[in-house]
Amino acid sequence: MNTQAKRLYLLLALIPLLFLAAACGGGSAPLPPPPPPAKFSNASLAGQYAFSMTGSELCAGVGSLFTRAGSFTADGHGNITTGLEDINVCTGTATLQFTGGKYSIDGDGRGTLQLTNSTGTTNYSIVLSSTTSGLVAQTDVNVTASGSFQRQNPAAFLNAAIAGGYVFDFLGVDVNGSTVSPASYVGRFDSDGRGGVTNGLFDSNIGGTPSGQQLFPGGAFCQLDTNGAGTTFGRGTANIAGQSFAFYVVDASRLKFNGIGFPSALVGDAFAQQNIAFTAASITGGFAFLIGGSSPSGAISTAGRFTADGAGSLSSVVLDENNSGTITLLPNGTVTGMYTVDDNQFGGGSVTWTDTKSGTFSFVFYLISSSQAVFQEIDSAIISDGTFSAQTTTPISSTALAGDYVLGWNGAGSAEEDYVGQASLSSSGGLTGMTDFNQFSTGRQFFNVLLNGNLSLGGDGTQANDFTANLQTNPAATFHFTTYVVNQNTLFLVGVDTDRVIAGPLVRQP
Amino acid sequence: MKIEMMMGCAALAGLMTLANTADAQERVSRASPRAAAYDANHEVVVQGTVLEYLENSTLPPIGTHVKVQTSSGTVDVHLGPSSYLHDSHFSFASGDSVRFVGAMSSVDKRPVLLARIAQKGGQAIAIRSTQGFLLATGATRSLSEKQRAQASQKVTPR
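All values derive from a computational prediction rather than experimental measurement.

### So, the overall build of chain B
At step 1: When helices and strands are counted, chain B shows three helices and six strands.
At step 2: Listing the helices and strands of chain B from first to last along the sequence gives α-β-β-β-α-β-β-β-α.
At step 3: When each of the 158 residues of chain B is scored for burial, the buried share is 35%.
At step 4: Sequence-distant contacts, at least 24 apart, represent 48% of the contacts inside chain B between residues at least 6 apart.

This is the structure in structure tokens:
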């Protein structure tokens, strides 16, 4: 956020107070209530943070997918003191050390971040969902990207801490000779705490060809660096599902991966898997999901929900799919569904539902726990992945959802778009907030754009809910979303406009 | 009293059911059939004259569309993001003689050619991979060593 923009933000925030004072008339009017205390400041970003993101950059004059993951250290006073990142760009891969940088955090958790390495300085808009995590969008001209960051626990920067089962989800592109294909990998493995990997299973979907469940090829490992980068930044290298990665440790429960098997590029996270024997009974109740990726038509994103009976049957399937502007909604006809959980009890499984009018949707998943999984679509030449999460078992009301949220939306209109922001939901469903965003195709970066809108809950709130967001740009833009509520802290949003595919979460701030 | 309350609850439940049914009907009325996948085994060649070039068509799929007059009628051709065409210095104008290779798909009940190759005069550009996926952000992943070296000279900060 530049200084001028910050001033504009403060000015705009003050205008309602000035109007209030004017309306109240003479000197005896009561003083306006003080603004809410700032929840965040530069001190909120302190320590080491691991990040990962993917986006588009201009390369050889043409837009090109790239990925990055790394670690930066914030001093709590606006300075980046050190860090390291692995990038995978159109010219190759590199590991670059941060030599400096700056950041600034506003009271609502929004802020800016600059990271400097030997190639120059990159710029980001960020928003803190807490002091330990946040969302990020790159805001450079001709480079846009989005992702997340989490505070690292340096005590976990050793192989012994990386032990037990992990579930992963990687998305990117596979390059085989001159053939470039969108690619998704989901799966799980056991790390032995000494850098070794066993019980590796994965499902890939490369260019619309699902692999079916595969064993990891030989040579799998997941090991922290021994050259100092391991103990200093939590960096390691890995071979997972036959693919080469650099990774950064968040803590024992989460690793952030960046593919280094150039020219292919993959990025994603691995999550510690609950140590139980998974069965069909592990999936019981309502689940909301959000996935995104590519189809032959272009960008695609899908959000929805289903109910699992714990015995292999699904009901109450509802979804919104935006496939490059073609909106498919279920139920359209009558939907029947089923799921399986693998007999090996490692948590892999499949989901299929068929709508009598819209056809069959097929997925595979790997359970992180009985309440969360990574989720990959495998039908219709769609390469799309994400997550499903257990929904709240109680009805959701606007009052229960009232509060402050961070938003992180990404997708594509005429080209990639990445949004980060912060907004408040009122008890009547009204939305007010502010966002920064980067539209790659036009090289346009927007800061401190006012946002308002409305969440309209239907039924008990656990099904499809309408959500509208108005961006006070010039000209103004309105995004229509369908929202699936996971719980009082998380909502999944998928855009249902025909001129852009956009999706992402709202995550509650403290 | 108790019965009244139960009737009240039943009536409320009935109203909610009606509301949910209405919501569901409204959702279905907004829905489109699912877009068909790219059928690489049934590619076709479309040759003709550009009638209209729309960089940001209001019709899906999102992106650039060209309406082409062929000997057998007009064909809507989808070319993906306009930025890719711009960056590749490739453009179309009404009256251009053009040739496209791609696969027909049904999008919102309309036939659309998902173009894999676009040709105009002596120029040709790959729009999609052989599997039908847009190359807009992936094409530079398969640069030659020489092209990569050239691109390395003009990199932005990483």
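Moving on from the model shown.
### Quick notes on the overall build of chain A
At step 1: Helix and strand content of chain A: three helices and 36 strands.
At step 2: Against the compact-globule benchmark of 24 Å for 510 residues, chain A has a radius of gyration of 22 Å, which places it among compact chains.
At step 3: Within chain A, the fraction of its 510 residues that count as buried is 56%.
At step 4: In chain A, 53% of the contacts between residues at least 6 apart in sequence involve partners at least 24 apart.

### Quick notes on the sheet that holds strand β35 (residues 490–495) of chain A
Pairing between the strands of a sheet comes from backbone hydrogen bonds, and it takes one of two forms, parallel or antiparallel.
All names here are of chain A.
At step 1: The strand order around the closed barrel built from eight strands is β29-β30-β31-β32-β33-β34-β35-β36, with neighbouring strands paired in antiparallel fashion. The mean angle between the axes of side-by-side strands here comes to 25°, regardless of whether they run parallel or antiparallel.
At step 2: Summarising the sheet, β35 and strand β36 (residues 501–508) pair through five bridges and their orientation is antiparallel. Note that in β36 the partner of Phe492 across the bridge is Pro505.

### As for the sheet that holds strand β8 (residues 133–140) of chain A
All names here are of chain A.
At step 1: Sheet architecture is open: nine strands sit in the order β4-β3-β2-β1-β9-β8-β7-β6-β5, paired in antiparallel fashion. Edge positions in the sheet fall to β4 (92–98) and β5 (100–105), since each has one partner strand and no second. This sheet shows a mean twist of 20° between the axes of neighbouring strands, independent of strand direction.
At step 2: Here eight bridges tie strand β2 (residues 62–75) to strand β3 (residues 80–89), and the two strands are oriented antiparallel to one another. What sits directly across from Arg68, in β3, is Ile87.

### A look at the environment of Val62 of chain A
At step 1: Looking at the secondary structure, you find Val62 of chain A in strand β2.
At step 2: Judged by local crowding, Val62 of chain A falls into the buried class, with 22 C-beta atoms found within 10 Å.
At step 3: Not counting residues up to four positions away in its chain, the partners in contact with Val62 of chain A are Tyr84, Asp87, Ser88, Ala139 and Thr140 of chain B.

### A word on the nonpolar core
Generally speaking, soluble globular proteins have nonpolar side chains that are buried together.
Residue and element names in this part refer to chain A.
At step 1: One finds Val136, Phe257, Ala303, Phe365 and Leu493 to be the most contacted residues of the largest nonpolar core, which totals 178 residues.
At step 2: With seven residues, the single largest contributor to this core is strand β26 (residues 359–369).
At step 3: Those residues in contact with Phe257 that lie beyond four places of it in its chain are Ala69, Phe170, Ala238, Phe245, Phe247, Val267, Gly268, Asp269 and Ala270.

### Some details on the pairing of β35 of chain A
All names here are of chain A.
At step 1: In terms of burial, β35 is a largely internal element, five of the six residues being buried.
At step 2: In terms of strand pairing, strand β34 (residues 477–487) meets β35 through six bridges, oriented antiparallel. Bridge pairing in β35 places Val485 opposite Leu491.
At step 3: The hairpin turn running from β34 into β35, its antiparallel successor, is two residues long.
At step 4: Between the antiparallel neighbours β35 and β36 lie five residues.

### Points about the environment of Val249 of chain A
Residue and element names in this part refer to chain A.
At step 1: Looking at where Val249 falls in the secondary structure, it is placed in strand β17 (residues 243–251).
At step 2: Under the C-beta neighbour-count criterion, Val249 is labelled buried, with 27 such atoms within 10 Å.
At step 3: Along the sequence, Val249 and Gly134 sit 115 residues apart, while their C-alpha atoms lie 16 Å from each other.
At step 4: Leave out the neighbours within four places in its chain, and Val249 touches Ala50, Gln152, Ala156, Phe157, Ile162, Gly234 and Leu255.

### Observations concerning the interface of chain B and chain A
Accessible area lost upon the coming together of the parts is a frequently used measure of interface size.
At step 1: Residue-level contacts link 53 residues of chain B with 61 residues of chain A.
At step 2: Top element by residues in the side of chain B that touches chain A is helix α1 (residues 2–30) of chain B. It accounts for six residues.

### Regarding the domain arrangement of chain A
All names here are of chain A.
At step 1: Looking at the assigned domains, one finds that chain A contains domain 1 (46–273), domain 2 (280–390) and domain 3 (398–508).
At step 2: Relative to domain 3, the C-alpha centre of domain 1 lies at a distance of 25 Å.
At step 3: Opposite the 20 residues of domain 1 that make contact, domain 3 presents 18 residues.
At step 4: Elements that contribute at least two residues to the side of domain 1 that touches domain 3 include exactly β1 (46–59), β7 (120–130), β8 and β9 (143–151).
At step 5: Looking at the side of domain 1 that touches domain 3 element by element, the count peaks at five residues for β8.

### Let's talk about unusual backbone geometry
Backbone phi values are negative for most residues with the exception of glycine, while trans is the configuration of most peptide bonds.
All names here are of chain A.
At step 1: The step from Phe262 to Pro263 runs through a cis peptide bond, and the omega angle for that step is 10°.
At step 2: Relative to the elements of secondary structure, Pro263 occurs in the loop between β18 (254–259) and β19 (265–272).
At step 3: Backbone torsion omega between Leu330 and Pro331 reads 0°, so that peptide bond is classified as cis.
At step 4: Mapped onto the secondary structure, Pro331 falls in the loop between β23 (326–330) and β24 (335–341).
At step 5: One non-glycine residue with positive phi stands out, namely Asn448, at about 55°.
At step 6: Within the secondary structure, Asn448 is located in strand β32 (residues 444–456).
At step 7: Taking the number of C-beta atoms within 10 Å as the measure of exposure, Asn448 has 22 and is therefore buried.

Rules and cut-offs
All residue numbers refer to positions counted from 1 along the written sequence of the respective chain. Throughout, the order in which chains and ligands are written sets their labels, letters from A for the former and numbers from 1 for the latter. Since the coordinates come from a predicted model, pLDDT governs what is reported: local features require at least 70, and pairs of side-chain atoms require 80 or more to be given and counted, while whole-chain, interface and lining totals use all residues. Numbering of helices and strands runs from the N terminus; a helix is a DSSP stretch of H or I covering at least four residues, while a strand is a stretch of E covering at least two. Partly exposed residues are those whose C-beta has more than 12 but fewer than 20 other C-beta atoms within 10 Å; with 20 or more the residue is buried, with 12 or fewer it is exposed, and the C-beta atoms are placed from the backbone. We call two residues in contact when the distance between their C-beta atoms, placed using the backbone, is within 7 Å. For this measure, only C-alpha atoms enter the radius of gyration; the expected value for a globule follows 2.2 Å times N^0.38, where N is the number of residues. Here, any two strands with at least 2 DSSP bridges between them count as paired. Note on geometry: axes are C-alpha line fits, over the in-contact stretch for helices, and angles between N-to-C directions span 0 to 180 degrees. As used throughout, a nonpolar core is a set of buried Ala, Val, Leu, Ile, Met, Phe, Trp, Tyr and Cys residues joined through C-beta atoms within 7 Å of each other. Here the limits of each domain have been adopted from an automatic or database domain assignment.

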